[in-house]
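Residue-level structure breakdown
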Amino acid sequence: MSALIPSVRLHLAQTVLDPPLPTVAPADDLPYLSASIVEIVENIKTGKPGWTAQRVLEAFIRSSRRAHERTNCLTGTLYPEALAAAKALDTAYPPGSGRVKGLLHGVPISIKDHLGIAGGEGTIGITSYIGKKFERDALIVKVLKEQGAVVYVKTNVPQTMLAFECSNPIFGATTNPYNGDHTSGGSSGGEASLLAQDGSAAGIGSDVGGSLRIPAHYCGVYSLKPSKGRFPQSSYSNTPGAAGFNSVNSVLGPMARSVDDLEVLTKVVVEAMDQMDGGRERKIAGDTFIAIPWRNTEERKYRFGYWKEDGFVKASPACQRAVGMTVDALRQKGYECIEGLSFILVFRAMEIFAVYTSADRYNTLTKPLKNDKRERSMFLPLLSARLPWLLKVMVSWLFRYALGDHIMATLLRSGGHKDTEAIMRWNVKKADFTLEIREKWFQELNLDFIICPTQATPAMAHGKTWNLSPLAAATIFFNILDFTVGCLPVTRVSSSLDALPSTWKEDLKGRGAPILHDALYNQKAYDAKQMEGLPVGIQIAGSNWEEEDVLKAMKIVDEALGKRDFGRGQWTAQVAKEAS
């Protein structure tokens, strides 16, 4: 491991505290930390007493410091530069003048570590990237700044960003705000942890297999995975696994503390990108940004499909209950909800994903790691990709016949080197699979949206994900389809409501992947008592480029579920209450 790591950690520890700010009780910062994006902009614009871009930013800096101290969620701070930017906004557009730079004027925004800030690093926890500086801001950062946002922190990620346990050799593990023994998820785990603690007004993450949704589910925040091209991709970012990889679309997307903030941020970015520099940025972006005008959708009685189980891994009682609560709430509002959807074969999507991502045996992904210690969460993907052929056949036979798990046997065989001819065959299989789902979803069943678990379990304890990486299949399914998907919090784990029933083990027989069921339930990666109080979210999926519609559906669901202890200011209000 690099001798540079201690110096990087020391530098972060120092910059988190620089510059010193006035000591303010959390209760005094609460009005700023609980404000929506629209409220922040409007309060500065109209000159509400006490509201300036600088004062708003100071509140979020203090909150982000508390969040980092609790959960280790940051990888870098831009506090001095951000304060200078906020002061410049207040000078050029005096609060109360009725003028603002843009629709995100004075809004503090956090970004995932891999995104470029000119002159800064984005190591994503890989020591060989230490010292490598970005020449320019990432495109999404440029868009945010053009609209008046203040980018002020970068957030932690898992090693390689192809895992959902947020840990790497440089910055260590980011913990779950609600239980430090559990992970915040990945790969946008630092973002989710920060947002859950009111450490940011909103943030930008990315997703190729669930990286916007799993952390949101684990930490109780909101996220939107757009379809490819709706949210501008970034040319200045560190994404070793995505270099030259187009078989499954990696996308940037917003994370926030409410559906309203998700909608505002998405709309602003989409419309601003189309207009920047007289349209030149859109032309340069090419097919990485598709200029679809924002649509104001009319609310109607949508038809929802849903499932509690996907035939791959039986979802835990907590995650099934979250779907059930959502469906019950929608039905009470008069929405039609169709159960079952037996045609959903999440396992097939996982197989396609494994074929594509491991086609070069993960050599491109892991090459930058060099001598870095591998995180345990990488164990299963690397195993399936790099086992010698004969040994893989033998282990696959063991899985299928000795352990009775044909699913894991197939997934094991799917990993590893693929030549061009093989990739072309799988491209056809992927297209056929996608068409099959579309025809049944939109034609035969006439559905508008799908509601389902984000994962089979709430946030797992640190170290428990090493043999459970295939659980990401529940989110990967929609990456293969390239559908628009939102994630929102529904409830929290209850040790009484969500304990495994006495019939659970019997119910698992002959269903799904026995190896994963054993690891998840028999080896107690899922433990309702240990997980008491952890958030539980759901996915809401629509078709391609239906960001407006999915956000509308998320708003309907959010309102139907009623008031819950998630959202802007909830965390700070509790902190203030405990301090009083």
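Notes on the structure in this doc start here. (Residues numbered from 1 in each chain as written. Predicted model: local features only at pLDDT ≥ 70, side-chain atom pairs only at ≥ 80, totals over all residues. Heavy atoms only, no water.)

In this section: helix H6 (residues 139-146). For H6, the complete set of buried residues consists of Leu 139, Ile 140, Val 141, Val 143 and Leu 144. Packing partners of the buried residues in H6 comprise strand E2 (108-112), strand E3 (150-155), strand E8 (202-207), strand E10 (251-256), helix H9 (259-275) and helix H10 (280-285). Positive backbone phi, approximately 95°, marks Gly 148, located one or two places after H6. (Buried < 20%, exposed > 50% of the residue type's maximum accessible area, 1.4 Å probe, protein only. Helix = DSSP H or I, 4+ residues; strand = E, 2+ residues; numbered from the N terminus. Contact = heavy atoms within 4.5 Å.)

A few words now on the packing of aromatic side chains. Each aromatic ring pair is specified by the distance between its two centres and by the angle formed by the two planes. Applying the stated criterion to the full structure yields 16 aromatic pairs. Residues Phe 477 and Phe 478 carry aromatic rings whose centres are separated by 5.0 Å and whose planes lie at 80° to one another, so their mutual orientation is edge-to-face. The burial state of Phe 477 is the same as that of Phe 478; both residues are buried. Among the aromatic residues, those joined into a cluster by ring pairs are Tyr 302, Phe 304, Tyr 335 and Phe 449. In this arrangement the basic side chain of Lys 429 is found over the ring face of Trp 426, its NZ or CZ atom lying 4.0 Å from the centre. Arg 492 extends its terminal NZ or CZ atom over the ring of Tyr 178, reaching a point 4.3 Å from the ring centre. (Phe/Tyr/Trp six-rings, centres within 6.5 Å; stacked < 30°, edge-to-face > 60°. Lys NZ or Arg CZ within 6 Å of the ring centre and 35° of its normal.)

Attention shifts here to unusual backbone geometry. Residue Pro 19 is reached from Asp 18 by a cis peptide bond, and omega for that bond is 0°. Position of Pro 19 relative to the elements: it lies in the loop between helix H1 (5-16) and helix H2 (26-33). That bond from Gly 186 to Ser 187 is cis: its omega, 10°, falls within 30 degrees of zero. Within the secondary structure layout, Ser 187 lies in the loop between strand E7 (179-183) and helix H7 (189-196). One non-glycine residue, Thr 160, lies in positive phi territory at about 70°. Checked against the element boundaries, Thr 160 lands in the loop between E3 and strand E4 (167-168). With a phi angle near 55°, Asn 446 is a residue other than glycine that sits in the positive phi range.

We now examine the environment of Gly 180. One can find Gly 180 in strand E7. Along the chain, Gly 180 and Gln 530 lie 350 residues apart, while their C-alpha atoms are 11 Å from each other. Ignoring any residue separated from it by four or fewer positions in sequence, one finds Gly 180 in contact with Thr 175 and His 462.

Time to look at the side chain of His 105. Residue placement: His 105 occurs in the loop between helix H5 (79-92) and E2. According to the relative accessible area criterion, His 105 is buried, its value standing at 0%. Beyond its immediate chain neighbours, meaning those up to four positions away, His 105 contacts Ile 40, Val 41, Ile 44, Leu 89, Tyr 93, Val 100, Gln 147 and Gly 148.

Turning our eyes to something else, we now look at the side chain of Thr 127. Tracing the sequence through the fold places Thr 127 in the loop between E2 and H6. When its relative accessible area of 12% is taken as the criterion, Thr 127 is described as buried. A distance of 2.4 Å separates a polar atom in the side chain of Thr 127 from a polar atom in the side chain of Asp 372. (Polar contact = N/O pair within 3.5 Å; in protein donor to acceptor, adjacent residues only side chain to side chain.)

Another point: a nonpolar patch on the surface. On the surface, Trp 389, Leu 390, Leu 391 and Met 394 cluster together to form a nonpolar patch covering roughly 480 Å² of accessible area. Among the secondary structure elements, Leu 390 is positioned in helix H15 (residues 389-402). (Patch = residues over 30% accessible without salt bridge, like charges linked within 9 Å, V, L, I, M, F, W, Y side chains within 5 Å. Areas by Shrake-Rupley, 256 points an atom, 1.4 Å probe, with all protein chains shown as cover. Salt bridge = Lys/Arg side-chain N within 4 Å of Asp/Glu carboxyl O.)

With that out of the way, let us pick up the nonpolar core. Counting residues in each nonpolar core, the largest one holds 162 residues, and the members touching the most others are Ile 140, Leu 144, Ile 204, Phe 312, Phe 478 and Met 554. Beyond its immediate stretch of four places on either side in the chain, Phe 312 contacts Val 346, Phe 347, Ile 407, Leu 411, Pro 470, Ala 473, Gly 512, Ala 513, Leu 516 and His 517. Core analysis: the second largest hydrophobic core is formed by seven residues, Ile 5, Leu 12, Ile 130 and Ile 170 among them. (Core = buried A, V, L, I, M, F, W, Y, C linked by side-chain atoms within 4.5 Å.)

Here we come to the pairing of E2. The element E2 is extensively covered by neighbouring structure, given that five of its five residues are classed as buried. As paired strands, E2 and E3 are joined by five bridges and run parallel to one another. The residue of E3 that forms the bridge with Pro 108 is Val 150. In terms of handedness, the path from E2 via H6 over to E3 forms a crossover that is right-handed. Strand direction decides the pairing type here: E2 and E8, joined by three bridges, are parallel. Bridge pairing in E8 places Ile 109 opposite Ala 202. (Pairing = 2+ DSSP bridges. Right-handed = clockwise from strand over helix to strand, strands pointing away.)

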